[in-house]
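Listed below are the residues making up each chain.
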Amino acid sequence: MQHLLGEGRLLDEQGNLAEAGYATSLVKAYSRDRVKASALRIKEWDYYLIHNDRFGVALTVADNSYMGLVSISFLDFVRGTEVTKSPMLLLPMGRLHMPSTSEEGDVRAGGRGWNFHFEKQKDRRILRASMENFSQGKPIRLKVELDREPQESMVIATPFERKRAFYYNQKIIGMRARGAVEVEGRHWVFEPGDSWGLLDWGRGVWAYSNTWYWSAMMGRVRGHRLGFNLGYGFGDNRAATENMLFWDGRAHKLGQVEFQIPGEREGEPRFLDPWTFTSSDGRVKLAFAPILDRKAYTSAGVILSDQHQVFGYFDGRVILDSGEEIPVEHMLGFAEKVRNKW
């Protein structure tokens, strides 16, 4: 049985999670001022992914206290290529003023040769980003609008074994996207009929060493909007999982889901070989055919990050709360495994 969160403050007076569980909106109020752990351990980030079947962009602004990060990725699914640039910031320590909720407030970050602005309006999100010398000596510039935000999203409040460590996360899956990207001298257009966006909004104090698995997909089936969020491995998820289906903007809660990555059990994962996904409640059965591995490896002193965000096509079926079976046929999404020490 998974626990549904009630309204109230996210953290108690000692800085621990007041309640662990899941919700379909931000029912808990987060405030950086109530965090009692070391100021160096606070992590706050906004990550957006926008794509259609031909190309996509990923945008990150993160204030991780002793280290900040901004990132742009351009993903070409036809050629199976990607370019990522990720400038780092020294000791932002909250100076990015990341909003305490995804429902209001803007995110701004700028530096030498780059600029990011995520604007939240009443009925839409407007994302602007630019970076000089992004690829082949040429810049990237983009403006994207996200609207038709689903009525429900995936929200989870997760504790760690360490006191005052927690993870508060919202994933908004399946927003409609429109806009344009200029990169390598070419103009790429997101049309609202076939382009989608998601937001991964997170605030927390993590354990130093962690590994997570995450997968998301969004698209259209038989005239309906279908999406999912699947994941595990991060924190203590005994109170709830982050696994949900989204059908026309409504959430359908799932049990445990396992990612079967070829070669992983032998310690040599083959990320570009076909994966499979199954759920403990029998409501997810998917095959995943990778086409692109957005990978990055960093090891510098006490910091280690080993990331594989793999894009590809899902086939199979999922089952809604009503018992209705929904086919998944060649729908683009991603699945990732990320290991961090930071």
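Residues numbered from 1 in each chain as written. Predicted model: local features only at pLDDT ≥ 70, side-chain atom pairs only at ≥ 80, totals over all residues. Heavy atoms only, no water.

Visitor: For this particular structure, what's the right way to read the overall build of the protein?
Guide: Of regular secondary structure, the protein possesses 0 helices and 25 strands. A compact globule built from 342 residues would reach a C-alpha radius of gyration of about 20 Å, and the protein, at 19 Å, matches this within 12%. When its C-alpha atoms are laid out on the principal axes, the protein stretches across 50 × 50 × 45 Å. Burial statistics for the protein: of 342 residues in total, 54% are counted as buried. Looking at the protein as shown, the accessible area adds up to about 14900 Å², and 48% of this sits on carbon and sulfur atoms. Separation between the mean location of the 46 positive side-chain charges and that of the 44 negative ones in the protein comes to 4 Å. (Helix = DSSP H or I, 4+ residues; strand = E, 2+ residues; numbered from the N terminus. Rg over C-alpha atoms; globule rule 2.2 N^0.38 Å. Buried < 20%, exposed > 50% of the residue type's maximum accessible area, 1.4 Å probe, protein only. Areas by Shrake-Rupley, 256 points an atom, 1.4 Å probe, with all protein chains shown as cover. Lys, Arg positive; Asp, Glu negative; His and termini not counted. Charge placed at Lys NZ, Arg CZ, Asp CG, Glu CD.)

Visitor: What am I meant to see in unusual backbone geometry here?
Guide: A negative phi holds for most residues other than glycine; trans holds for most peptide bonds. Even without being glycine, Met93 reaches a positive phi, approximately 50°. Looking at Met93, the relative accessible area reads 33%, which means it is partly exposed. Positioned with a positive phi, His330 is a non-glycine residue whose angle comes to about 50°. Secondary-structure assignment places His330 in strand S25 (residues 325-341).

Visitor: What is the right way to look at the layout of surface pockets in this model?
Guide: Computed from the structure, the largest pocket encloses a volume of approximately 920 Å³. Taken together, 40 residues line the largest pocket, and the ones lying closest to its centre are Leu69, Trp212, Ser305, Gln307 and Trp342. Residues of the lining of the largest pocket, tallied by class, amount to 20 nonpolar, 12 polar and 8 charged. The volume enclosed by the second largest pocket comes to roughly 180 Å³. Lining the second largest pocket are His51, Asn52, Asp53, Gly193, Asp194, Trp196, Met218, Gly219, Arg220, His330, Met331 and Leu332. The set of elements that each furnish at least two residues to the lining of the second largest pocket consists of strand S17 (209-221) and S25. The residue inventory of the lining of the second largest pocket, partitioned by class, reads 4 nonpolar, 5 polar and 3 charged. (1 Å grid on protein atoms, 1.4 Å probe; cavity = no way out; pocket = protein on both sides within 12 Å on 5 of 7 lines; lining within 4 Å. Points joined across faces, edges and corners; volume = space filled by probe spheres on them. Nonpolar A, V, L, I, M, F, W, Y, C, P; charged D, E, K, R; others polar.)

Visitor: How do you make sense of the sheet that holds strand S18 (residues 224-232) when you look at a structure like this?
Guide: Think of a sheet as strands paired side by side through backbone hydrogen bonds, with each pair either parallel or antiparallel. Judged by pairing direction, the sheet is antiparallel, and its 9 strands sit side by side in the order S20-S19-S18-S17-S25-S24-S23-S22-S21 without closing on themselves. The open sheet has two edge strands with one neighbour each: strand S20 (250-253) and strand S21 (257-260). Going from strand to strand, the sheet's axes swing by 20° on average, the running direction of each strand aside. For strand S23 (residues 284-300) and strand S24 (residues 303-319), the ladder comprises 16 bridges, and the chain directions are antiparallel. Bridge pairing in S24 links Thr298 to Ser305. (Pairing = 2+ DSSP bridges. Axes fitted to C-alpha atoms, helices over the stretch in contact; angles between N-to-C directions.)

Visitor: What am I meant to see in the packing of aromatic side chains here?
Guide: Under the criterion given, the structure shown has 31 aromatic pairs. Their ring planes at 65° and their centres at 5.0 Å tell us that Phe74 and Trp188 sit as a pair that is edge-to-face. Of this pair, Phe74 sits in strand S6 (residues 67-76) while Trp188 sits in strand S15 (residues 186-190); the two residues are 114 residues apart in sequence, bridging distant segments of the chain. Considered together, Phe74 and Trp188 belong to a single accessibility category, that of buried residues. Relative to Phe234, the ring of Tyr167 has its centre 4.6 Å away and its plane inclined at 90°; by these criteria the two rings are edge-to-face. Of this pair, Tyr167 sits in strand S14 (residues 166-183) while Phe234 sits in the loop between S18 and strand S19 (244-247), and the two are 67 residues apart along the sequence. For the pair formed by Tyr167 and Phe234, the shared burial category is buried. Feature note: the residues Tyr213, Phe228, Tyr232, Phe259, Phe271, Trp275, Phe277, Phe288 and Phe314 constitute an aromatic cluster, connected by ring pairs. Over the aromatic face of Trp214 sits the side chain of Lys171, whose NZ or CZ is 4.7 Å from the ring centroid. Taking NZ or CZ as reference, Lys253 lies 5.1 Å from the ring centre of Tyr22, over its face. (Phe/Tyr/Trp six-rings, centres within 6.5 Å; stacked < 30°, edge-to-face > 60°. Lys NZ or Arg CZ within 6 Å of the ring centre and 35° of its normal.)

Visitor: Please explain the side chain of Asp200 as it appears in this structure.
Guide: Looking at the element boundaries, Asp200 is found in strand S16 (residues 196-205). Here Asp200 occupies a buried position and makes no salt bridge, while the nearest side chain of opposite charge, Lys171, is found at 4.1 Å. A polar contact of 2.8 Å, which involves the side chain of Asp200, links it to the side chain of Asn169. Once you skip the residues sitting within four places of it in the chain, Asp200 turns out to touch Trp45, Asp46, Tyr47, Asn169, Gln170, Lys171 and Trp214. (Salt bridge = Lys/Arg side-chain N within 4 Å of Asp/Glu carboxyl O. Polar contact = N/O pair within 3.5 Å; in protein donor to acceptor, adjacent residues only side chain to side chain. Contact = heavy atoms within 4.5 Å.)

Visitor: I would appreciate a short explanation of empty space enclosed by the protein in the present structure.
Guide: Any space left empty among the atoms is revealed by the rolling of a water-sized probe across them. In this structure the tally under the stated criterion is 4 cavities of 30 Å³ or more. Approximately 90 Å³ is the volume attributed to the largest cavity. Looking at the largest cavity, it is lined by 15 residues, and the ones nearest its centre are Asp46, Tyr48, Gly105, Lys120 and Arg125. The greatest single-element share of the lining of the largest cavity, amounting to 3 residues, is contributed by strand S10 (residues 114-120). Classifying every residue of the lining of the largest cavity by side-chain character gives 6 nonpolar, 3 polar and 6 charged. Roughly 70 Å³ of volume is contained in the second largest cavity.

These values are about where atoms sit, not about what they do.
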